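An overview of the molecular structure
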There are 2 protein chains.
Amino acid sequence: MLIVKKFGGTSVANKERIFNVARRCIEDYQAGHDVVVVLSAMGKYTDELIDMAKDINELPPKREMDMLFTIGEQMSVALMAMAMNKLGVPAISLNAFQVAMHSTSVYGNARLKRIDSERIRHELEARKIVIVTGFQGINKYDDYTTLGRGGSDTTAVALAAALHADKCEIYTDVDGVYTADPRKVPNARKLDAVTYDEMLELATLGAGVLHNRSVELAKKYGVRMVVRSSLNTSEGTVVRGGSKMEKMLVSGVAGDADTARVAIVGLKDEPGVAFKVFNALAKHNINIDMILQSVGRKGTKDISFTTNEESAEEAVKVINENFSDFESIDVDKKVAKVSIVGAGMQSNAGVAAKMFEALYDSNINIRMISTSEIRVTVLIDEDKMERAMGAVHDKFALGE
Amino acid sequence: MLIVKKFGGTSVANKERIFNVARRCIEDYQAGHDVVVVLSAMGKYTDELIDMAKDINELPPKREMDMLFTIGEQMSVALMAMAMNKLGVPAISLNAFQVAMHSTSVYGNARLKRIDSERIRHELEARKIVIVTGFQGINKYDDYTTLGRGGSDTTAVALAAALHADKCEIYTDVDGVYTADPRKVPNARKLDAVTYDEMLELATLGAGVLHNRSVELAKKYGVRMVVRSSLNTSEGTVVRGGSKMEKMLVSGVAGDADTARVAIVGLKDEPGVAFKVFNALAKHNINIDMILQSVGRKGTKDISFTTNEESAEEAVKVINENFSDFESIDVDKKVAKVSIVGAGMQSNAGVAAKMFEALYDSNINIRMISTSEIRVTVLIDEDKMERAMGAVHDKFALGE
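Residues numbered from 1 in each chain as written. Chains lettered and ligands numbered in written order. Predicted model: local features only at pLDDT ≥ 70, side-chain atom pairs only at ≥ 80, totals over all residues. Heavy atoms only, no water.

Helix and strand counts for chain A stand at twelve helices and 18 strands. For chain A, the proportion of contacts with a sequence separation of at least 24, taken over those separated by at least 6, is 75%. Of the roughly 17300 Å² of accessible surface on chain A, a fraction of 47% belongs to carbon and sulfur atoms. The centroid of the 50 positive side-chain charges in chain A is displaced by 3 Å from the centroid of its 55 negative side-chain charges. (Helix = DSSP H or I, 4+ residues; strand = E, 2+ residues; numbered from the N terminus. Contact = heavy atoms within 4.5 Å. Areas by Shrake-Rupley, 256 points an atom, 1.4 Å probe, with all protein chains shown as cover. Lys, Arg positive; Asp, Glu negative; His and termini not counted. Charge placed at Lys NZ, Arg CZ, Asp CG, Glu CD.)

Now the structure itself:
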């Protein structure tokens, strides 16, 4: 079997953890598998590099910032190779140039375009564990790029796709994907498997242990992902294709308290108003989540939308700067989103109704509703979020 | 003019010094010159990396050690580019892959074979200051190598040769090359120019501000080197070709107290004895300096040689393990070498005699003598080294 294993910064933060990771990889190697390891920079090292740069130049050129960033992963992979060597196993570290990992040109937020697999295959054939720098690529100018948030997950999936790996294991500090956040819903249960689409919805809803881009890539190339803990040997959760799994309607409940509702009241009711509002917000890179448009009094329109709390004030500023033809605008940060996700609900009516019933039984008022084919999200008062999650979790018997 | 400027680790050890170097480079840039800067790792960062590695593996694979080392220079060049950008000047950092700097395969002690100048020329044409990582290369396997001691000087000279630079400035913490160490000979005088050969002899004698390999390379390609201080703007010393300079017989006096004499007494007088002794020492990488062979009592041979103090005990160990057929072996660490160097002495008889006279006048006993075409070295008691240097310096009127 060819296995790609990805470990994040906390997993390689110190000597003890580096050896811990080394031993886990060596287990697979000694079982006869080919092992490719993807690593992030150690602990908070990337933050240290940012501080170092900002001390020299508050607005460092992004090209040079990426040149600086990439040393973090190179440090991790070299030290890991030394640790494996110390444990008597041949290992070799490779950076983005050596692999090579071709990316788009955008510094700080590049996307991988193509990975040469020749060098890695050559080293695997020599029975070495191959350790690759995550998060980085090289662009057409032969410059380093970095892949943005969650970049090392993306590196791992892209490598798994290029090498036709049998699986891509993403190691985190949780045991896998749960039916709900165990800190909020005590009887939450770990799932054995979720579909790519479910995982994507969960990631978007703030319950994500994986970054969206890596899951999208895995879906595109059919890479079998496994989310598992670096702290224990439990099996984790498989993320894979297919529409119905375990015959479950709903696979998980997610809550997100970092939500604010912005309401614009009394907009003129004429064509293009909504377009103009959301176009202005998009130009300022404000991510909008749920949208509700309703008819107001006196033939006007009311538009409400949700965004994260940090963006809410800026959204209000953008609206006030670009529009004057409305009655009032207000922000409510004391709201939260609760969502159910499940590939099974595509072909099952009544799932949304069942969720609403659970909330009604618990006397929780629903303020907005948004749905996709495999997701139902409601906006409720923030202080009722955990209670709502528990009620919905019980209603669908997810803990059983 | 195209100028290559090399700054060592202490010159970029902190923010203030990085900006100091940036400003010096910008002066040349703004005067209309093309500027290529070669940097070492910041301050003691390479030592920190060694500690980090040894903590994981006392004997780390050299290939991985080089992978780790190279991040040091990459950090320096990225931060320098940010500093120049902050000062409003376009700059770009390049590592060994980006240049590319092709080297031999030996990890930890590679030699540069070929430098592609295309990328650097392209960036210079775009009127950028180009900042290159010193000390590193890439070998035929596409792996990082490092160039060993003095490696960044070698990088600078090799770049100057490849780019046909007008000069290669090596910045150090001294003003240039002196007729003797100013801490030992108070009236020592800074030289305006020395030949490559003189510089090579001086470097070998422990008076070197430049590493031998860089001077050899400069000689081979006729690169005009300038040794100057990063702390002031004094002109420094030019290192260039030609045999006679300033019509001086002797250009400098060097002393080296880190010397030990090993004497093997009563070896069998048969062919090949000396070969066997020095072959055994060479196999253990013990560098031998002066050698004296004399006829001992009863038809035996005595062989004395000098090495640095650290190697002396190991040399004794090697001799005792490989030979038994001699009377005694002893080590004397209380000795020092004093040398005169000068391209002029090639064609002038009597230079050595003049040096011996100076020592005789000062009542200093000579224990061994060794000469090359442009150098005379004597071994004397260590406690008389500074007095000997002063006497010789005065005899040749080097301070005038």
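Once the structure has been displayed, the description carries forward.
Next up on the list: the sheet that holds strand β15 (residues 300-307) of chain B. Residue and element names in this part refer to chain B. Spatially, the six strands line up as an open sheet ordered β14-β15-β13-β16-β18-β17, and their pairing is antiparallel. The outermost strands of the open sheet, each flanked by one partner alone, are β14 (291-295) and β17 (368-372). Mean inter-strand twist for the sheet, computed between neighbouring axes without regard to direction, equals 25°. Bridge count between strand β16 (residues 328-341) and strand β18 (residues 375-381): seven bridges; the pairing is antiparallel. Each residue of the ladder has a partner; that of I340, found in β18, is V376. Here helix α9 (residues 273-283) sits on the sheet and contacts β13 (252-268), β14 and β15; the angle it forms with β15, its principal contact strand, is near 30°. Running over the sheet, helix α10 (residues 309-322) touches β13, β15 and β16 and is turned about 15° from β13. (Pairing = 2+ DSSP bridges. Axes fitted to C-alpha atoms, helices over the stretch in contact; angles between N-to-C directions.)

As a further point, take the interface of chain A and chain B. The interface is formed by 43 residues belonging to chain A together with 43 residues belonging to chain B. For the pair chain A and chain B, the two sides together bury roughly 3400 Å², of which 60% comes from carbon and sulfur. The three residues of chain A that bury the most area against chain B are I56, M67 and M82 of chain A, which together make up 20% of that side's buried surface. At the boundary of chain A and chain B, one finds six salt bridges. Scanning the region where chain A abuts chain B turns up 23 residue pairs in polar contact (both at pLDDT 80 or more). Elements that contribute at least two residues to the side of chain A that touches chain B include exactly α1 (15-30), α2 (45-56), α3 (62-86), β3 (91-94) and α4 (96-99) of chain A. No other element matches α3 of chain A, which puts 17 residues into the side of chain A that touches chain B. (Buried area = accessible area lost by both parts, 1.4 Å probe. Salt bridge = Lys/Arg side-chain N within 4 Å of Asp/Glu carboxyl O. Polar contact = N/O pair within 3.5 Å; in protein donor to acceptor, adjacent residues only side chain to side chain.)

On to the relation of the copies chain A and chain B. Both copies of the chain are tied together by a single rotation about an axis and a shift running along it. Expressed as a screw transformation, the operator carrying chain A onto chain B has a rotation angle of 179° and an axial translation of 0.0 Å, and the superposed copies differ by an RMSD of 0.2 Å. Seen this way, the second copy is the image of the first under a two-fold rotation axis. Measuring from the rotation axis to each C-alpha of chain A, the shortest distance belongs to I71 of chain A, at 2.6 Å. (Least-squares fit on C-alpha atoms with pLDDT ≥ 70 in both.)

Read these as layout, nothing more, since geometry by itself doesn't imply function.
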